[in-house]
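Structure at a glance
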Amino acid sequence: MSLPGATVQALPTGALPGPAATERAHLFTAGSVAHYRRVLADGIDRVADRVAATDRPFTGVTPQDLAPRIAGIDLDRPLGDAGAALDELHDVYLRDAVYFHHPRYLAHLNCPVVIPALLGEAVLSAVNSSMDTWDQSAGGTLIERRLIDWTVDRIGLGPAADGVFSSGGTQSNLQAMLLAREEALARAGIGQSRPETLSGLRILTSAAGHFSVQKAAKLLGLGPEAVITVGTDADRRMRTDELAREIDRCRRAGLRVMAVVATAGTTDFGSIDPLPAIADSCAAAGVWLHVDAAYGCGLLVSPTRRHLLDGIERADSVTVDYHKSFFQPVSSSALVVRDRRVLRHATWHADYLNPARAVEQRIPNQVDKSLQTTRRFDALKLWLTLRIMGPDAVGALFDEVVDRADAAWQLLAEDPRFEVVTRSPLSTVVFRYLPAGPGRQLVDEANLYAREALATSGAALVAGTTVDGAHHLKFTLLNPETTEDDIAQVLDLLAEHAGWYLRTRTAGELSCPVG
Ligand SMILES: Cc1ncc(COP(=O)(O)O)c(C=O)c1O
């Protein structure tokens, strides 16, 4: 329902006169293409202007500042006009959003996005194919399938491999664990009830692995003890001697290891678990190997570092997040499997949508492989990226950020103000401000303070994590435009904020923080 005063900018040619025309003019149809062109062009201009004017990744706005502005908007009183809505959007979103496009955004695993993918995003949302069935997507289905084949070829999973796009690494990992669980249950001895078998299932992953594995276990009805974390070495890679010991311990205790989850690019350290040795252990024990390459998948197209993923081709399933290291907009991920038959565990035939006879008729319905039903044609973004830029160009961008992270590590290693943790083969750097003198508690507080103060200033954004219980700071570099100079400047700012905190705390004085 539109309220009095709600008008569209201009009625498209061919629109019906009268009140219904006002509403219909907003529908994207053959009759409204001029309106579509105008509104979208205006939206693109606003975003372009905002990005062009971005001199820092964040304005430092607080939830308390922003919440009243958003709460104050009456959603039942539309502005009617796209220009007015975009003006309002500037105030409630565009001005204060966090801009991964800026070279001093160094915090989480968010990449700046490539323009071919943005073109894909515009096309896919306008055409609005749904990837569940052929009769809702046609060519989209085949494009997604080609990209899955391309990905499994890059990994080297073999001729029986297949997969499906998903909303992200969390969902891809969940689906992998579902498939592994069902395979383990199928192999479990007869005579045991399903709940009994479920309670004896275990997943082994490293202490540096992603929490989505724990979440998946919970969603799959496994108990809190189901995920066993295996210790890591000094480089934060899974210790294979410990893995072998755990597999053996589970076997002796009558527990069934349903999967080992190796990580190719841990979130904090960028470490890559020793895939060949882990694959050997899994093969010897007959255990499903899942490789979470949500972050490290960019190496699949790296002109110089593909070898770091050696062994990934022996996985039963692999998670890849194109929205992390392929410079794709959220969301864009896939789960791929060595043996396409295991995808049947995600299949359910519904008469109205994907009846079983469609399989005999060889109608390609992607819903048969996916946890989702209605699903975006996210694959189009990667398609246009590969068709316009090509894989080597994407890999070269990723290589650049990996090089930059190594340079950042060098800077930190030579800087007496800081202590740096492991040297990542990818693009994270974990470190902390550690001057001589203050105790552990104060150092922890100073690092926490420095991160927050930097974010409040908006000059740069860095992440934080704990290492062996101590607060640390983290750079995740994914923007090739970040220079060594940017990194040096951010380190100076962090040191100033942390130093100010320590001086203030030790002197018990109150004064203004670094501006
Ligand atoms: C190693 C790893 N796996 C999985 C995920 C989850 O991916 P998403 O955020 O796309 O769900 C992340 C996210 O950072 C990750 O770093």
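Note that the structure is a prediction, hence the values are computed from the model and not measured.

1. Topic: the overall build of the protein
Helix and strand counts for the protein stand at 17 helices and twelve strands. A globule of 515 residues ought to have a C-alpha radius of gyration of about 24 Å, and the protein, at 26 Å, matches this closely. Dimensions of the protein, computed from C-alpha atoms along their principal axes, come out at roughly 75 × 75 × 40 Å. The buried share of the protein, reckoned over its 515 residues, is 51%. Put simply, 72% of the contacts in the protein that link residues at least 6 apart link residues at least 24 apart. Carbon and sulfur atoms provide 56% of the accessible area of the protein, an area that totals close to 23700 Å². Charged side chains in the protein number 51 positive and 62 negative. The centres of these two groups are separated by 5 Å.

2. Thoughts on the pairing of strand β7 (residues 317-321)
Taken across its five residues, β7 has five buried, putting it largely inside the fold. A two-sided burial pattern is seen for β7, the buried positions comprising Ser317, Thr319 and Asp321 on one face and Val318 and Val320 on the other. The sheet contact formed by β7 and strand β8 (residues 333-337) spans five bridges and is antiparallel. Counterpart to Thr319 in the pairing with β8 is Leu335.

3. Digging into the site of the ligand
Taken together, 14 residues form the shell around the ligand, and within it Gly169, Thr170, Thr267, Asp292 and His323 come nearest. Here an oxygen atom of the ligand sits 2.8 Å away from a polar atom, N or O, in the main chain of Gly169. Here Thr267 contributes a side-chain N or O atom positioned 2.8 Å from an oxygen atom of the ligand. Within the complex, 84% of the 390 Å² of free accessible area of the ligand lies under protein. Every element with two or more residues in the shell around the ligand is listed here: α7 (169-187) and α12 (322-325). Per element, the largest residue contribution to the shell around the ligand is three residues, and it comes from α7.

4. Re the packing of helix α5 (residues 115-127) against helix α14 (residues 379-388)
Interhelical geometry of α5 versus α14 gives an angle of 140 degrees and a closest axis separation of 7 Å. When the axes of α5 and α14 are compared, the pair comes out oblique. As α5 packs across α14, the resulting crossing turns out to be right-handed. Along the contact surface, α5 presents Pro116, Ala117, Leu119, Gly120, Glu121, Val123 and Leu124, while α14 presents Leu380, Lys381, Leu384, Thr385 and Ile388. Class assignment of the residues belonging to the contact of α5 with α14 gives a composition of eight nonpolar, two polar and two charged.

5. What to know about the pairing of strand β6 (residues 289-293)
The buried fraction of β6 is high, at five of five residues. Every second residue of β6 is oriented toward a common face, with Leu289, Val291 and Ala293 on one face and His290 and Asp292 on the other, all of them buried. The sheet contact formed by strand β5 (residues 256-263) and β6 spans four bridges and is parallel. When the bridges of β6 are listed, Ala262 appears paired with Val291.

6. Some words on helix α17 (residues 484-507)
End to end, α17 covers 34 Å across 24 residues, agreeing with the expected 34 Å (1.5 Å per residue, within 8%). Just past α17, the residue Gly508 takes up positive phi, approximately 65 degrees.

7. So, the pattern of salt bridges
Per the stated rule, a full pass over the model turns up 34 salt bridges. For Arg95, the salt bridge is made with Asp96, and the minimal N-O distance between the two is 3.7 Å. Note that Glu182 and Arg181 form a salt bridge whose closest N and O atoms lie 2.7 Å from each other. Across the pair, Arg181 and Glu182 agree in class, each one buried. Shared partners join several salt bridges into a network, and the residues in it are Arg69, Asp91, Arg95 and Asp96.

What counts and how
- Residues numbered from 1 in each chain as written.
- Predicted model: local features only at pLDDT ≥ 70, side-chain atom pairs only at ≥ 80, totals over all residues.
- Heavy atoms only, no water.
- Helix = DSSP H or I, 4+ residues; strand = E, 2+ residues; numbered from the N terminus.
- Rg over C-alpha atoms; globule rule 2.2 N^0.38 Å.
- Buried < 20%, exposed > 50% of the residue type's maximum accessible area, 1.4 Å probe, protein only.
- Contact = heavy atoms within 4.5 Å.
- Areas by Shrake-Rupley, 256 points an atom, 1.4 Å probe, with all protein chains shown as cover.
- Lys, Arg positive; Asp, Glu negative; His and termini not counted.
- Charge placed at Lys NZ, Arg CZ, Asp CG, Glu CD.
- Pairing = 2+ DSSP bridges.
- Near = heavy atom within 4 Å.
- Polar contact = N/O pair within 3.5 Å; in protein donor to acceptor, adjacent residues only side chain to side chain.
- Axes fitted to C-alpha atoms, helices over the stretch in contact; angles between N-to-C directions.
- Parallel < 35°, antiparallel > 145°, perpendicular 65-115°, else oblique.
- Left-handed = near helix turned anticlockwise from the far one by under 90°.
- Nonpolar A, V, L, I, M, F, W, Y, C, P; charged D, E, K, R; others polar.
- Expected span 1.5 Å × (residues − 1).
- Salt bridge = Lys/Arg side-chain N within 4 Å of Asp/Glu carboxyl O.

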